[in-house]
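# Secondary and tertiary structure notes
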Amino acid sequence: MRKPIIAGNWKMNKTASEAKAFAQAVATKIPSNDKVDSVVGSPALFLETLVSESKGTDLKVAAQNCYWENAGAFTGEISPAALADLGVQYVIIGHSERREYFHETDEEINKKAKAIFANGMLPILCCGESLETYEAEKTAEWIEGQITAGLADLSAEQVSSMVIAYEPIWAIGTGKSADATIADTICGVVRSTVEKLYGNDVASKVRIQYGGSVKPENIAEYMAKENVDGALVGGASLEADSFLALLDAVK
Ligand code: 13P
């Protein structure tokens, strides 16, 4: 049985005081991590606050990006070693916004995944197709390509422990979610790609999230699907009540 994992992705939202207020509002209400992994993905600026405010609770903290070197002359980048030292447990990598606006490649994303593991954290590796690819019915091969490149040279043990998020670009922030059957089918493509690369045991362990206009009202439909182990949520993770409602729907 795979444990569900619900992760908020705040993207570039909130100020330090808003992040602190959110953490204080949810801290005592996070469900037990026996049932669900509850994760909040914050801008790097607020990670320290979130880690300290969530001490002693089952809330886990994710960064939204990092570099693949631990230190050096890389102005403006985020060190994975420094993230691990802060107590960050997950790092979201390969989000479509980073691929599109910051021109991240599969090769760079793969280097980031290795650096995250080397520092004892876990990647949440995002994949997803454009509307054009979806309409051309090329989603499966696109996803297989992204996953194969993103996982290159990772060990079976690493892949078993990580999280992969399927987020169709056309469903992000549009209010137009992929229906649960589509989400299940493409999460199934992710799983069968992992199976081809690493075998059945690893494929049965890796956790796969759906993301794209998930909200408290529709999360249960996704979670009921065999290949969907959780959700990566943008807009509906920003308010404490809504974030808690997402967790409540699966606990
Ligand atoms: P929305 O939930 O706002 O559609 O965002 C999805 C997403 O990109 C999460 O990473």
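Refer to the structure printed above.
Reading guide: rules and limits
- Residues numbered from 1 in each chain as written.
- Predicted model: local features only at pLDDT ≥ 70, side-chain atom pairs only at ≥ 80, totals over all residues.
- Heavy atoms only, no water.
- Helix = DSSP H or I, 4+ residues; strand = E, 2+ residues; numbered from the N terminus.
- Contact = heavy atoms within 4.5 Å.
- Phe/Tyr/Trp six-rings, centres within 6.5 Å; stacked < 30°, edge-to-face > 60°.
- Buried < 20%, exposed > 50% of the residue type's maximum accessible area, 1.4 Å probe, protein only.
- Lys NZ or Arg CZ within 6 Å of the ring centre and 35° of its normal.

Following the sequence through the fold, valine 40 ends up in strand β2 (residues 37-42). Residue contacts for valine 40: discarding those within four places in its chain leaves Gly8, Trp10, Phe22, Leu50, Leu59, Lys60, Val61, Ala62 and Phe243.

So, on to the packing of aromatic side chains. Inspection of the entire model under this criterion finds eight aromatic pairs. Relative to phenylalanine 243, the ring of phenylalanine 22 lies with its centre 5.5 Å away and its plane at 55°, an arrangement referred to as tilted. Of the two residues, phenylalanine 22 sits in helix α1 (residues 16-26) while phenylalanine 243 sits in helix α12 (residues 240-248), which places them 221 residues apart along the sequence. The interplanar angle of 90° and the centroid separation of 6.5 Å between the aromatic rings of tyrosine 101 and phenylalanine 102 together place this pair among those described as edge-to-face. With a relative accessible area of 52%, tyrosine 101 lands in the exposed category. Among the aromatic side chains, those forming a connected cluster through ring pairs are Trp10, Phe22 and Phe243. When the ring centre of tryptophan 10 is taken as origin, the NZ or CZ atom of lysine 14, which lies over that ring, is 4.9 Å away.

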